[in-house]
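Each chain, written out:
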Amino acid sequence: MFEFVGALLEPHHFALIICGLIAGAVVGCLPGLTATMALALLVPFTFAMDPTSGLIILGAVYVGAIYGGCISAILIGTPGTPSAIATTFDGYPLTKKGMAEHALVTAAFGSSIGGLIGAFGLLLLSPILVSIALKFGPPEYFWLAVLGLTVIATLSSKSLIKGLIGGTLGLLMGTVGIAPIGGDVRFTFGFTELQAGFDLIVALIGLFCLPEVIEMMERRKVQLRIAEYKKKKGVALAVVKQLLKKPILLIRSAVIGLIVGIIPGAGGNIAGLLSYDIAVKSSKEPEKFGTGIIEGVAASETSNNAEVGGSLVPLLTLGIPGAPPAAVMLGALMIHGLRPGPDLFSVSGDIVYTFMYSLIIANILLFFVGFYGARIFAKLISLPVYALVPFIIFLCVIGSYSIRNNMLDVYAMVGFGIFGYFTKKLGIHPGTIVLGLILGRIAEIGFVQSILLSKAIGSYWAVFIARPISAILIILCAVMLLWPVFAGYFKKEIPTGEGD
Amino acid sequence: MRKELLILVVLVGIGLLIAGCAQQQPKATPTPAPAATPTPTPVTTSVAKYPSKSITYIIPFNPGGQSDIEARRQQPYLEKYLGVPIIITYKPGAGGAVAWAELTRTEPDGYTIYGINIPHIILQPLVKDVGYTTDQIKPVALFQRTPIGLAVPIDSPFNSVEDIIEYAKENPGKITVGGSGTYTGHHITLLQFEKLTGTKFTYVPFTGAAPQMQAILGGQVDAVFANSNDLVKYSGKQIKVLAIATEERFPTLPDVPTFKELGIDLVESIDRGVGVPKNTPDDIVKVLESAFLKITQNPDVRKTMEEEGFVPLSMGSKEAKAYINEKVKVYKEILKEVGALKS
């Protein structure tokens, strides 16, 4: 398989990778414009290319877009793509402290490392990884969602009740629309557009971005800018040195991302949140998380970029896309005459291996793109509030409209924004609401399907508990929930991540 | 200060550019393949004015799906035959219902056309209030068919349809059958199969073809009713296709018997095409119809479609309408029997 390395060394492929990374990062950093959309926009351009070049640029855009989501997460506290939700927790506080460049360089380095581990996982471990993906049945999805919900405890340090209220609100919002199983229409109040439910990205923009913008306006008299950006020398080197001292954090986050990525239907958002949660719980100073430390940014960004490689595992080995952007890749592969599935490696091995090597190179180049980009982007926050606010609102409106070309999504975004402003004042972390919204649907589908399977088999025990991965997930849930007790026992002090 | 203003202007400009692209989505990008030189088809003489501007082709699903792949394949040909740009836009949600509800409110001028799927547009309004009815959609053409087949994992003890029927008769409800969605093409096929063979299964709905195939490959369900293109991909490697619901044997899977051969009168498929609001003038529908039919008669297009596991269709507007009406009757009866028909 190494004979294909040579093919990649053509100079125009490098140019394609760099263009793809930059284009992806630009689209990814705009809230509402996702990696999926970036790829869908690009697919027609690849018609004119040979399949190898087409795939290389698509791969680079995918990597770039998932990275790009961190830019808005760090600078304005709004995840540019759902993958970057957990990046806001520490990224934005860093910006407020005037350390935007630290956060951006961390994100670039973390993404690069995570992406590399993900790409190597794809290259070397696909056959093993895919067997894990296939073992994931309805009960496993249910327990994975439950595990994800335990992250609420980390996000609600000040008050667990408030966190649970947020999570429940999110779960309730997730029930709007046609039931994923059974097809009943729920809580649409006669609006046919609502049958499709609330889109996650609409909720993200509303809940994260608008409250922040309103607060910026409230503070405008005292604080004309979010933070001052001062050009400092040697930031990047210092950050990289600091991160290299935490190899376990980086590797653990990447492995979480890779594993979540290979499970079709569980995306970078869950990867980032889980990895952040575990980083908080295993830290010696968990109280520092959320106040703006680079470890928080690294945990999230390393994990969500490792997810890219992971999500391509089921796509290339089975023809089943692991994430929405991978679904667009599937379409692109087919248009180029490749048939993702069991035969892909034997029939089109040359193209596939070249593609995998290009992903590795893309992730190395990503660091440099992110590194130089950080300086440019960090200057953005020097804009005064009166210039920044209209610009952000403008992006919010466009972003929420363009997801499904539906005006109702824009109204929903404004609704979420006003709602989010008040819940934030009440001390409910927007992350908890979003977590409920993401995981409610996965839990519901898994639960109802498992019930159906149990009835056919005649045993709830056999379906819900007596399966190896289910059992592991249940144990993990228990550990996560009881963690404060364990930690308290060892440290006499209950560790809490700073929620806000 | 002036510098900041300049930065802002540039940023807003970029934003506007992106907004333009986002609303029209992956569209006016230079398309390769057949050169897009305006060559009006002979039919256009009767309605000299149509089409005179770009046509929006709405996909009611996410990018990357079967409807998207087919539309992308057609796009360069449509631009050549109709002589105007074709803009592909996605409007996913509620299994297509959001887009089809919008179809009924759109201007009937032929400049916005919608991908339609059968049986989706028949079953959805029969089961619940989805904001449109089947007769509000005028089909322009049906061009792609995926017959539905029954498959089991490769290591399954079942080797034929008879095996499954025999086991199901002794153990009603014990066999789990996966499909995509509730009261959809796969579900209705199972309901008909149960009725025709006097058996009972447990239907487990999944949220799409991808999770459904993932479930059968991982052995989470005992069997699936699935689309031919998905079956072709895994047949003989990870799954055994036991039978296919076509009139005659499916050329891409020549060893698989039809249900009809086995004495079960089951013929079901998912058919894809395009539709417009019902009061769109016939002249306009004809222009579109001839363009779409010309594409499915192209030997290159047919060949790739067959390789991918699709059956190319060339059903015009009138024929499609009659086909839909026929299906409405059949489905109404089945849904009534299971108590799912909307009152």
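In this report, we go over the structure that sits alongside the text. (Residues numbered from 1 in each chain as written. Chains lettered and ligands numbered in written order. Predicted model: local features only at pLDDT ≥ 70, side-chain atom pairs only at ≥ 80, totals over all residues. Heavy atoms only, no water.)

**Concerning the interface of chain A and chain B**
Phase 1 of the analysis: Facing the 64 residues of chain A at the interface are 58 residues of chain B.
Phase 2 of the analysis: In this assembly, chain A packs against chain B so that about 5,000 Å² is buried in total across both faces, 67% of it on carbon and sulfur atoms.
Phase 3 of the analysis: Counting the surface chain A buries against chain B, the share from its top three residues, Leu134(A), Asn405(A) and Ala456(A), is 11%.
Phase 4 of the analysis: Remark: the boundary between chain A and chain B carries 0 salt bridges.
Phase 5 of the analysis: The interface formed by chain A and chain B holds 10 residue pairs in polar contact (both at pLDDT 80 or more) in total.
Phase 6 of the analysis: Taken together, the elements giving at least two residues each to the side of chain A that touches chain B come down to helix 3 (35-46), helix 6 (100-135), helix 7 (138-149), helix 15 (324-335), helix 17 (385-404) and helix 19 (430-457) of chain A.
Phase 7 of the analysis: Take the side of chain A that touches chain B: its biggest share by element is 8 residues, from helix 17 of chain A.
Phase 8 of the analysis: Looking at the side of chain A that touches chain B, its residues break down into 44 nonpolar, 13 polar and 7 charged. (Contact = heavy atoms within 4.5 Å. Buried area = accessible area lost by both parts, 1.4 Å probe. Salt bridge = Lys/Arg side-chain N within 4 Å of Asp/Glu carboxyl O. Polar contact = N/O pair within 3.5 Å; in protein donor to acceptor, adjacent residues only side chain to side chain. Helix = DSSP H or I, 4+ residues; strand = E, 2+ residues; numbered from the N terminus. Nonpolar A, V, L, I, M, F, W, Y, C, P; charged D, E, K, R; others polar.)

**Overview of the state of the cysteines**
All names here are of chain A.
Phase 1 of the analysis: Inspection of every chain in the model, using the stated rule, returns 0 disulfides over all chains.
Phase 2 of the analysis: Here Cys29 stays unpaired: no disulfide links it, and the sulfur of Cys70, its closest cysteine neighbor, is 9.0 Å away.
Phase 3 of the analysis: Overall, Cys29 belongs to the buried group, its relative accessible area being 11%. (Disulfide = S-S within 2.5 Å. Buried < 20%, exposed > 50% of the residue type's maximum accessible area, 1.4 Å probe, protein only.)

**A closer look at helix 12 (residues 247-262) of chain A**
Phase 1 of the analysis: Compared with an ideal rise of 1.5 Å per residue, which puts 16 residues at 22 Å, helix 12 of chain A spans 23 Å between its outermost C-alpha atoms and is within 8% of the ideal.
Phase 2 of the analysis: Within the span of helix 12 of chain A, buried status applies to Leu249(A), Leu250(A), Ser253(A), Ala254(A), Ile256(A), Gly257(A), Leu258(A), Val260(A), Gly261(A) and Ile262(A). (Expected span 1.5 Å × (residues − 1).)

**Quick look at the side chain of Gln195(A)**
Phase 1 of the analysis: Position of Gln195(A) among the secondary structure elements: in the loop between strand 2 (185-186) and helix 10 (200-218).
Phase 2 of the analysis: A distance of 3.2 Å separates a polar atom in the side chain of Gln195(A) from the backbone oxygen of Val130(B).
Phase 3 of the analysis: Once residues lying within four places of it in the same chain are set aside, the contact partners of Gln195(A) are Gly177(A), Ile178(A), Val185(A), Thr188(A), Ala94(B), Ala97(B), Asp129(B) and Val130(B).

**Here's the deal with the pattern of salt bridges**
Residue and element names in this part refer to chain A.
Phase 1 of the analysis: Scanning all chains against the criterion turns up 24 salt bridges over all chains.
Phase 2 of the analysis: With its nearest N and O atoms 3.5 Å apart, the salt bridge here joins Lys288 to Glu285.
Phase 3 of the analysis: Among the residues examined, Lys288 registers a relative accessible area of 39% and is labelled partly exposed.
Phase 4 of the analysis: On the basis of relative accessibility, which here comes to 39%, the residue Glu285 falls in the partly exposed class.
Phase 5 of the analysis: Here the salt bridges do not stand alone but share partners, grouping Glu212, Glu215, Arg219 and Lys424 into one network.

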